[in-house]
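Topology and contacts: notes
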Amino acid sequence: NAGVTQTPKFQVLKTGQSMTLQCAQDMNHEYMSWYRQDPGMGLRLIHYSVGAGITDQGEVPNGYNVSRSTTEDFPLRLLSAAPSQTSVYFCASSRGRADHPQHFGDGTRLSIL
Amino acid sequence: AQSVTQLGSHVSVSEGALVLLRCNYSSSVPPYLFWYVQYPNQGLQLLLKYTSAATLVKGINGFEAEFKKSETSFHLTKPSAHMSDAAEYFCAVSDNYQPDSSYKLIFGSGTRLLVRP
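Overview of the structure.

Rules and cut-offs
Residues numbered from 1 in each chain as written. Chains lettered and ligands numbered in written order. Predicted model: local features only at pLDDT ≥ 70, side-chain atom pairs only at ≥ 80, totals over all residues. Heavy atoms only, no water. Helix = DSSP H or I, 4+ residues; strand = E, 2+ residues; numbered from the N terminus. Contact = heavy atoms within 4.5 Å. Buried area = accessible area lost by both parts, 1.4 Å probe. Salt bridge = Lys/Arg side-chain N within 4 Å of Asp/Glu carboxyl O. Polar contact = N/O pair within 3.5 Å; in protein donor to acceptor, adjacent residues only side chain to side chain. Nonpolar A, V, L, I, M, F, W, Y, C, P; charged D, E, K, R; others polar. Disulfide = S-S within 2.5 Å. Buried < 20%, exposed > 50% of the residue type's maximum accessible area, 1.4 Å probe, protein only. 1 Å grid on protein atoms, 1.4 Å probe; cavity = no way out; pocket = protein on both sides within 12 Å on 5 of 7 lines; lining within 4 Å. Points joined across faces, edges and corners; volume = space filled by probe spheres on them.

Within the secondary structure, glutamine 85 of chain A is located in the loop between β8 (76–78) and β9 (87–94). When near neighbours in sequence (up to four residues on either side) are disregarded, glutamine 85 of chain A contacts Arg36, Asn62, Gly63, Tyr64, Leu78, Ser80, Leu110 and Ile112 of chain A.

Listed as interface residues are 26 residues of chain B and, on the opposing side, 23 residues of chain A. At the boundary of chain B with chain A, total buried surface from both sides reaches about 1900 Å², with 57% on carbon and sulfur atoms. Contact with chain A buries surface across chain B, with Tyr103, Lys104 and Phe107 of chain B losing the most and accounting together for 27% of the total. Inspection of the chain B/chain A interface yields 0 salt bridges. The interface formed by chain B and chain A contains 2 residue pairs in polar contact (both at pLDDT 80 or more). Sorting the residues of the side of chain B that touches chain A by element identifies β5 (33–38), β6 (44–50), β10 (87–94) and β11 (105–107) of chain B as the ones contributing at least two each. For the side of chain B that touches chain A, a count of residues per class yields 10 nonpolar, 12 polar and 4 charged.

Now for the state of the cysteines. Residue and element names in this part refer to chain A. What the rule picks out here adds up to 2 disulfides over all chains. Note that cysteine 23 is cross-linked by a disulfide to cysteine 91, the S-S spacing being 1.9 Å. Between cysteine 23 and cysteine 91, the S-S torsion sits near -70°, and that sign places the bridge as left-handed. Of this pair, cysteine 23 sits in strand β3 (residues 19–25) while cysteine 91 sits in strand β9, and the two are 68 residues apart along the sequence. For cysteine 23, a relative accessible area of 1% translates into the label buried. Look at cysteine 91 and you get buried, because its relative accessible area is 0%.

What follows deals with the layout of surface pockets. Roughly 330 Å³ of volume is contained in the largest pocket. Together, 23 residues line the largest pocket, and Gln37 and Val88 of chain A together with Gln38, Glu88 and Arg112 of chain B are the ones closest to its centre. Breaking the lining of the largest pocket down by element, the ones donating at least two residues are β9 of chain A together with β10 and β12 (111–116) of chain B. Looking at side-chain class alone, the lining of the largest pocket contains 10 nonpolar, 9 polar and 4 charged residues. By volume, the second largest pocket amounts to about 190 Å³. Lining the second largest pocket we find 13 residues, and of these Leu43, Leu45 and Glu59 of chain A together with Leu105 and Ile106 of chain B sit closest to its centre. Contributing elements (two or more residues each) for the lining of the second largest pocket: β5 (43–51) of chain A together with β11 of chain B.

Here we come to the pattern of salt bridges. For the structure shown, the criterion picks out 5 salt bridges over all chains. As a salt-bridge pair, arginine 36 of chain A and aspartate 38 of chain A come within 2.8 Å of each other at their nearest N and O atoms. Looking at arginine 36 of chain A, the relative accessible area reads 8%, which means it is buried. Among the residues examined, aspartate 38 of chain A registers a relative accessible area of 11% and is labelled buried. In this structure, the salt-bridge partner of glutamate 88 of chain B is arginine 112 of chain B, at a minimum N-O distance of 3.0 Å.

For the rest of this paragraph, the subject is the environment of glutamine 57 of chain A. Residue and element names in this part refer to chain A. Assignment of secondary structure puts glutamine 57 in strand β6 (residues 54–57). When the C-alpha atoms of glutamine 57 and histidine 47 are compared, they prove to be 4.6 Å apart, with 10 residues separating the residues in sequence. The contact partners of glutamine 57, leaving out residues within four places of it in the chain, are Ile46, His47 and Tyr48.

A word on unusual backbone geometry. The omega angle of the peptide bond from threonine 7 of chain A to proline 8 of chain A is -5°, so this bond is cis rather than trans. With respect to the helices, strands and loops of the structure, proline 8 of chain A is situated in the loop between β1 (4–7) and β2 (10–13). With a phi close to 60°, asparagine 41 of chain B is a non-glycine residue in the positive phi region. In this structure, threonine 72 of chain B is a non-glycine residue whose phi angle is positive, near 45°. Here threonine 72 of chain B shows up in the loop between β8 (64–68) and β9 (73–78).

None of this, on its own, says anything about what the molecule does.
Right, dumping it as structure tokens:
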């Protein structure tokens, strides 16, 4: 039972490069989300999706794009990487009910030089 | 807007001592509340959740939390700390009070628990 799988685990980019962080879940969850974790700031929501074909912005969406073509996958795209996007990124999924917890992947550690 | 405050970015206790990690939320309507734990280089793992069934919630690894509406608090406790409890702990609150609706999680800034031998 894999749960939420994120790839890659580590990545170093140069400023201006683009890349896609992958997230897949095998629990048939409707709700998926992306967070970034920075020291002393907890986790902040970047984008989320309540089902295939439906996405919306979170607290810090600038510089990131998402799409949700299937229930299982929810990739996060960095369009033109900036040093301020150096962070640890977490993907999460849930059944979409407010009383159900979110399940997190192990994270992608991203450094932008 | 909903917010969560965790008092103390670092808490240090001796092995065997009581663990108390503080969490306060801002909503006037009791939300759904969660505590997560993050071990080094790992994702977040659910410790426990409050969904209005009982004010004292028991979680994994001997942790529990008490919901106090009058204090808008949801503090996490464990009677006796173990070395393996050293981790970062996050309190989170849902932004939606309807159980059958999707929601967003608002996280506190986290508390790192250090356990001294």
